[in-house]
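Notes for the structure review
Each chain, letter by letter, is given below.
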Amino acid sequence: MPGITRLDGPADLAGGWWLDWAEDPAPEHGTLLARRGPVTDMRPLRRHVLPSNRRVDGTAYALPDTTVTVNPAGPLVRLRLCSQGDFDCDLREGDGLLVAAVDSEALPAPDTAPIRLVFSTPVTALGTRVAGAGQGATGQPFRAVLWVRRDGRARWEAPVSVRGVLGTVVIGGTATAPFIGARVDAEPGIAEARLTLSTGPGRRFDSIAICPLHGLP
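Residues numbered from 1 in each chain as written. Predicted model: local features only at pLDDT ≥ 70, side-chain atom pairs only at ≥ 80, totals over all residues. Heavy atoms only, no water.

1. Structural notes on the sheet that holds strand 6 (residues 67-70)
- Taking strand neighbours across the sheet as the criterion, the 6 strands line up as 5-6-9-14-11-12 in an open arrangement whose pairing is antiparallel. With one partner strand each, in any of the chains shown, strand 5 (60-62) and strand 12 (160-165) form the two edges of the open sheet. Strand after strand, the sheet turns through a mean of 20 degrees between neighbouring axes, direction not considered.
- Summarising the sheet, strand 11 (residues 141-150) and strand 14 (residues 190-198) pair through 8 bridges and their orientation is antiparallel. Across the sheet, the residue bridging to R149 is E192, located in strand 14. (Pairing = 2+ DSSP bridges. Helix = DSSP H or I, 4+ residues; strand = E, 2+ residues; numbered from the N terminus. Axes fitted to C-alpha atoms, helices over the stretch in contact; angles between N-to-C directions.)

What follows is the structure in structure tokens.
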């Protein structure tokens, strides 16, 4: 039976779109949510910026080909901005982040994953960079884990994972947070994705952050 292929970077989703979580998706703004091409400094591209610490669980981002809803049934997710003074992690300065609490010492599972993305129209591939935060945790290793569920199916596909090391904000360069992504090898497409990070016992992160979201229709 066809499965999924792990994607290792944004180049694996060339020709698709990417989504800046900090762009206010309210329909009355008429903002462009699906951007094309390489990811650059997001700040000058934004027309309507969501304030940092805004709750975004239940928020729907309407794109031309699908709508992405963040944690429609919880848990809580907040929008933060990557910087030394807001949420310091190894993504680009100014990036808009989805941030949720995580129990990094627990055994990773889709039922307890803190970030959940639901697609109104299934996509064939998706990916994002995953970072974390925790007191005194800079330089500590972790594993990011992604599950996808195909449209019309109850079970989750086998997870994909990638290893990373918690770092600090990247100024004027390429984000160093690890990239994780998946592509389905045949229909049906991806209706939902869930993400977490894991350190295992003895090393604890308290937050997970992702940015941006890349997708292929």
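Resuming the write-up.
2. Side note on the nonpolar core
- In this structure, W21, L91, L97, L98, L117 and L146 are the most contacted members of the largest nonpolar core, which totals 57 residues.
- Setting aside residues up to four positions removed in sequence, L91 forms contacts with C82, L97, R129, A131, V169, V170, A175, A177 and C211.
- Core analysis: the next-biggest nonpolar cluster, separate from the first, contains 5 residues, L7, A125, F179 and L216 among them. (Core = buried A, V, L, I, M, F, W, Y, C linked by side-chain atoms within 4.5 Å. Buried < 20%, exposed > 50% of the residue type's maximum accessible area, 1.4 Å probe, protein only. Contact = heavy atoms within 4.5 Å.)

3. Some words on the pattern of salt bridges
- Tallied over the entire structure, the rule returns 14 salt bridges.
- Of the charged contacts in the structure, one is a salt bridge between D20 and R46, with a shortest N-O distance of 2.6 Å. In this pair, D20 is assigned in the loop between strand 2 (17-19) and strand 3 (34-35) and R46 in the loop between strand 3 and strand 4 (54-55), connecting sequence segments 26 residues apart. Across this residue pair, the class does not change: D20 and R46 are buried.
- In this structure, the salt-bridge partner of D41 is R43, at a minimum N-O distance of 3.0 Å.
- By sharing partners, the salt bridges in this structure join R150, R153, R155 and E157 into a single network. (Salt bridge = Lys/Arg side-chain N within 4 Å of Asp/Glu carboxyl O.)

4. A few points about the pairing of strand 14
- Most of strand 14 sits inside the fold, with 9 of its 9 residues counted as buried.
- Relative to strand 14, strand 9 (residues 115-123) runs antiparallel, the two being bridged by 5 bridges. Paired with V123 across the two strands is I190, which belongs to strand 14.

5. Observations regarding the state of the cysteines
- One pass over the structure, following the stated rule, counts 0 disulfides.
- A disulfide-free cysteine, C211 has its sulfur positioned 8.0 Å from the sulfur of C82, the nearest such atom.
- Accessibility expressed as a relative area gives 0% for C211, which makes it buried. (Disulfide = S-S within 2.5 Å.)

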